[in-house]
Amino acid sequence: MYNEKVMEVFRNPKNVGEIENPDGVGRVGNASCGDIMEIQLKIENDIIVDAKFRTFGCAAAIATSSTATEMVKGMTVEDALKLTNKKVVETLGGLPAQKLHCSVLAEEAIKKAIEDYLSKKK
Ligand code: FES
């Protein structure tokens, strides 16, 4: 069902775990399957210097979280807010249609973590 790239990232996900004293935390749930994901960000001068995730979800959720956290590292928060699940899925070479909803988790969790950071900054 999954392509080789997705399977490779799923088998060896990057950025699994927690950040000590994160600057932003985003926790989201997937209404259609009940799975949950948390993304933690370390942000310095509005640049994401580290990103980690923990997820209770399927292979697609793990592969997209790993890829999304890799992609946002080094981005400004402004650019990271523009990262869509579509871009993450493209980077992974595609997902089966019935698994696209899983990729939304990472996008939403990153957005929430940035919102958390911005609200604390105020
Ligand atoms: Fe729940 Fe994929 S089935 S995140």
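My aim in this report is to walk through the structure given alongside it, one point at a time.

Calculation notes
- Residues numbered from 1 in each chain as written.
- Predicted model: local features only at pLDDT ≥ 70, side-chain atom pairs only at ≥ 80, totals over all residues.
- Heavy atoms only, no water.
- Salt bridge = Lys/Arg side-chain N within 4 Å of Asp/Glu carboxyl O.
- Buried < 20%, exposed > 50% of the residue type's maximum accessible area, 1.4 Å probe, protein only.
- Pairing = 2+ DSSP bridges.
- Helix = DSSP H or I, 4+ residues; strand = E, 2+ residues; numbered from the N terminus.
- Axes fitted to C-alpha atoms, helices over the stretch in contact; angles between N-to-C directions.
- Contact = heavy atoms within 4.5 Å.
- Core = buried A, V, L, I, M, F, W, Y, C linked by side-chain atoms within 4.5 Å.
- Parallel < 35°, antiparallel > 145°, perpendicular 65-115°, else oblique.
- Nonpolar A, V, L, I, M, F, W, Y, C, P; charged D, E, K, R; others polar.

Across all of its chains, the model carries 11 salt bridges by this definition. Glutamate 70 is paired through a salt bridge with lysine 73; the nearest N and O atoms lie 3.4 Å apart. Of the residues examined, lysine 73 reaches a relative accessible area of 30% and is grouped as partly exposed.

Before going further, it helps to spend a moment on the sheet that holds strand E3 (residues 47-56). As summarised here, the arrangement of the 3 strands in space is E1-E2-E3, forming an open sheet in which the pairing is antiparallel. Since the sheet does not close on itself, it has two edges, and those belong to strand E1 (24-29) and E3, each with one partner. Strand-to-strand twist of the sheet, defined as the mean angle between neighbouring strand axes without regard to direction, takes the value 15°. By the bridge criterion, 9 bridges tie strand E2 (residues 36-44) to E3 in an arrangement that is antiparallel. Opposite glutamine 40, over in E3, you have lysine 52 as the bridge partner. Those strands touched by helix H2 (residues 59-72) are E2 and E3, and its axis lies near 170° from that of E3. Where helix H5 (residues 100-121) meets the sheet, it contacts E1, E2 and E3, and its direction lies at approximately 140° from that of E1.

Our focus in this paragraph is the nonpolar core. In terms of nonpolar packing, the biggest core is built from 34 residues, with Met37, Leu41 and Ile48 touching the most fellow members. At the level of elements, helix H1 (4-11), E2, E3, H2, helix H3 (77-81), helix H4 (85-91) and H5 are the ones that each hand at least two residues to this core. Looking at this core, the element that brings in the most residues is H5, giving 8 residues. For leucine 41, the residues in contact, after removing those within four places along its chain, are Ile19, Pro22, Asp23, Gly24, Ile48, Asp50, Ala51, Ile110, Ala113 and Ile114.

In terms of strand pairing, E1 meets E2 through 6 bridges, oriented antiparallel. Across the sheet, residue glycine 29 finds its bridge partner in E2, namely isoleucine 36. Hairpin connection between E1 and E2: a loop of 6 residues separates the two successive antiparallel strands, and glycine 34 in this loop has a positive phi of roughly 85°. Remark: 2 residues form the turn of the hairpin made by E2 and E3, two consecutive strands paired antiparallel; asparagine 45 in that turn has positive phi of roughly 50°.

The next point concerns the packing of H1 against H2. Helix packing for two helices is described by the angle between their axes and how far apart those axes are. Interaxial distance between H1 and H2 falls to 8 Å at its minimum, and their mutual angle equals 80°. Relative to H2, the element H1 is oriented roughly perpendicular. Along its contact with H1, which presents Val6, Val9 and Phe10, the element H2 presents Ala59, Ile62, Ala63, Ser66 and Thr67. Classifying every residue of the contact of H1 with H2 by side-chain character gives 6 nonpolar, 2 polar and no charged.

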